[in-house]
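One-letter residues, chain by chain:
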Amino acid sequence: MPENPQPTAADSGAGAPDDVARVEAVMAEPVSRGEPILSVRNLVKHFPLTQGIVFRRQVGAVRAVDGVSFDLHQGETLGIVGESGCGKSTVAKLLMNLERPTAGEVLYKGEDITRLSGRALKAVRRNIQMVFQDPYTSLNPRMTVGDIIGEPFDIHPDVAPRGDRRRKVQELLDVVGLNPEYINRYPHQFSGGQRQRIGIARGLALNPEIIICDEPVSALDVSVQAQVINLMEKLQDEFNLSYMFIAHDLSVVRHISDRVAVMYLGKVVEVGTDQEIYEHPTHPYTQALLSAVPVPDPSGRDQRERIVLTGDVPSPANPPSGCRFRTRCWKAEERCAAEIPLLAVPERFKDSDTPAAHESACHFAEEKDVVHA
Amino acid sequence: MWRRFRRDRTGMVCAGVVLFFFALGLLAPVISRLYGKDPYTLYGQDRPGLLNEYGYPIKPNGGIDGEFWFGIEPILGRDVLTQLLYGIRTSLLIALAVTVATVVTAIVLGVAAGYLGGRTDYLIGRTIDLLLAFPAQLFFIAFLPVVVALFVDPQDETPTYVRVLALIAVQWFLGWMGLARILRAQVLSLREREFIEAAKLSGASPWRIIHKELLPNLVTPILVQATLMLPNFVTAEAGLSFLGVGMVEPTPDWGRMFAIGAKVYQNDLTYMFFPGVAMVVFIVAFNLLGDSIRDAFDPRTTR
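Residues numbered from 1 in each chain as written. Chains lettered and ligands numbered in written order. Predicted model: local features only at pLDDT ≥ 70, side-chain atom pairs only at ≥ 80, totals over all residues.

For the record, the criterion: UniProt positions are given in the numbering used here, feature names are shortened, and annotations may be inferred rather than shown by experiment.
In the nomenclature of an unreviewed UniProt entry, chain B corresponds to ABC transporter permease from the organism Wenjunlia vitaminophila. Quoted straight from UniProt, the Subcellular location (unreviewed entry) entry for chain B says "Cell membrane".

The name given to chain A in an unreviewed UniProt entry is Peptide ABC transporter ATP-binding protein, with Wenjunlia vitaminophila as the source organism.

Right, dumping it as C-alpha cells:
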C-alpha cells in the first residue's frame, strides 16, 4: 500500500509555533566555516513487504537505505554513485522529506528536518530544492512555463510580491539560458535539455542553499548533458549553491563533484575527494565500477585489466550478512560474512599521507589504480 | 484555449447546435407565446376538422399546415411543436441536473480514492464494484415508483417536481461510477509523476496539489465523459418515459413522444419524425462537441 509521505493538515498543528520560530532562526544563520550545511547520520529506510489483501501482515522489509551517513559543506558538490537499486534515489527522497526515514537523522544546520512538519517543514524546503531525473514528467503539461517556475512564489508569497513575479520568472529563464519570452509556452514545446533548464529554474526560484539533483542528466542526450552540467556549475559559482549530485554515470559525477560517495545495496562503501576515489580507489566495488568505465582511447584497451563481477546484486529484502558486497567480491573471506566492515579510513593507510587514506568500508582495502592500468 | 476551439469548425457548428437546443428549452414559454399555442390544449378535440373519427389528423403529413407547423398529435390533438419544445425543456433539465450531480460525485470520490489511497480507496473501490453490478435499466424501472412512494403517499397524486427529483436521484445513484473509476486510475498514475513531487517540494498543500496540479490534468477525461454522459442521460430519461416510469401526462416529455409515436406510427409516421430528428441531431452534435472540447483543452494536439 502506498504511503502518504506528505504530512496532512492534521499533524501540522502539533507543537508547530515554536518549531517554526526556531527553524526560521536556524535558517537565517549563516553556516560557520568548516561546519557541514547538511549532515546525514545513520539514515535508514525500510519499505515493509506485506501479504494478504484484507488482513495485511508484514512479511519482511526491503532495506533500501541501511545506515547511510555523510556531510555536505557549503558550496560543495557531493556526488553519489552506484548501480540501479542501490538506494541513491531513496536517499534523495529522504533528504527532501518526501519519505519519512525508518531511523536516523538529517541535520540541516544542526536541525533535524526529518521530524518537522507543516510550516516548519515548508520553511526548510525553501532552502533545499531538487532537480528531477526525467524532464518529461517533472513539468506539469497543463501549466505554462511561467506558471511552473512561478509556482513556488505562489506558495511562498513573501519571496516575491505579486506584481514582481513575472519579471522574476523572466530573470530565472534568463539565468538558465532560455529566452525570457518563452514564459507563455507549454512544456511540450521544448526539447529535453530546455525542459531540464526549466526544472533547474524552478529549483532556483526560492533561492535555495542546497539543490539535490537526482540523475539530472541521465535522461538527456550526451551533447546536451554537457551543456546542462556546465550550466549547473556556473549557477553554483553564481549563487554559492551546494549540490548533492546523484548519478550512475561515473564520468559525469567526476566532472562536477568535489567529493564522491559510492553506494552499494543501501550502504555507502567509500567516500573521498574525486581524486581519491577515481585515482586511488581502495574498495573492491569501487574498483570494479571504475574498471567498467568506457575508455575513449582505443589503443591499449585490450591491455586494460577489467574487473568483471559475476552474479547479480543480492535482493535488498534479504541482504547478505557481514559485508554486503562479499557475494560478488573476489577478496571475500570468512571474516567478511561475519563482520560488517565499518566506513572508516583503513588501518593500513591510517598514518600515511597518501590519497588512499580516505574512508572505505572494506576489511581488505588496498589501493588499485584501475583507470590507468 | 478559446482561440484553439474557435479554429475548429466542427466544434463551433456543434456548439451552435447544442446552444440552440438549450435556448429552445429555455425559451420554450416565449416561443410558444409568440407562436400562439401551448402544449396542453387539446386543439384537435376542441376544434372540428382537425382529427378524423379514428383520431388521426385529417390533413396529410400529420396535419402540418400554416397553423400547426409540426402537425398535431393523434387522438389527443395537441400541438406537436410546443410539445416538442417543452419536452426538450423537461428532458434537458433532468439530464443536465443528473450530469452535474454525477460529475461532482465522481470527481470527489474518484480523486479522493486515487489521491488518499489506502482504506479510502478500498472502500470507494468496493462501493463502485457493488453499484456496477446492478442492472441499471431494471433498477430504474423497479425503483422509480419506490423512490416516489418514499416522498408521496401512493394514494395522493404525485407532484411533478417529486417525479423530476426521483428521476434525477435514481440516475445519479447508478451513474457516477464509470467516471469515478476513470478519475481514480488517472490520479493514481498522475500522483507518481515527478511534477507532483516537485509541487510537494515547494511546500504545496494537498488541497493545492489536487486543484492546481491534478484537476487541470483531469479536465480532458471529465469533459469527454460528461459530454458523453449528458446525451446518454437524455436517452435514458427518454427511455424511462417511453416505458412509462418517467414523466407522466400531462407534463410534456421528449421521451414520451416516442412512446406515443411508436403506438401510432403505422397510421401517422410524421408524429415520430420531428422528435426523432431533433434527438439525433442533438446527440450527434453533443458528442462531436465533446471531441472538439477535448482537442481544444489538450495543448499537445495541433490545430
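1. Some thoughts on the sheet that holds strand 3 (residues 77-81) of chain A
All names here are of chain A. Defined as follows: For two strands to count as paired, DSSP must find a minimum of two bridges between them. Under the scheme used here, helices are H or I runs from DSSP no shorter than 4 residues and strands are E runs no shorter than 2 residues, and both carry numbers assigned from the N terminus. Comment: axis = line fitted to C-alpha atoms, over the contacting stretch for helices; angle = value between 0 and 180 degrees taken between N-to-C directions. Two residues qualify as a contact pair if the distance between their C-beta atoms, derived from the backbone, is within 7 Å.
Taken in spatial order, the six strands make up an open sheet running 6-7-8-3-9-10, and their pairing is mixed. Either end of the sheet is taken by a strand with one partner, and the two such strands are strand 6 (128-131) and strand 10 (267-273). The sheet shows a mean angle of 20 degrees between the axes of neighbouring strands, direction not considered. As paired strands, strand 3 and strand 8 (residues 242-246) are joined by four bridges and run parallel to one another. Residue pairing in the sheet places Ile80 in a bridge with Ile246 of strand 8. Sheet strands in contact with helix 6 (residues 192-204) are strand 6 and strand 7 (210-214), and its direction is about 175 degrees off that of strand 6.

2. Side note on the pairing of strand 9 (residues 259-264) of chain A
All names here are of chain A. For clarity, the cut-off: Here a residue counts as buried when 20 or more other C-beta atoms fall within 10 Å of its C-beta, as exposed when 12 or fewer do, and as partly exposed in between; the C-beta atoms come from the backbone.
For strand 9, a buried count of six out of six residues is recorded, marking the element as mostly surrounded by other parts of the structure. With burial as the criterion, each face of strand 9 is covered, one bearing Arg259, Ala261 and Met263 and the other bearing Val260, Val262 and Tyr264. Pairing between strand 3 and strand 9: four bridges, direction parallel. Residue pairing across strands places Ile80 opposite Ala261, the latter belonging to strand 9. In this structure, strand 9 lies alongside strand 10, joined through six bridges in antiparallel fashion.

3. Re the UniProt feature "domain: ABC transmembrane type-1" (unreviewed entry) in chain B
Residues annotated by UniProt as "domain: ABC transmembrane type-1" (unreviewed entry) correspond here to residues 92-290 of chain B. Helix makes up 82% of residues 92-290 of chain B and strand 0%, and the two end C-alpha atoms of the span are 16 Å apart.

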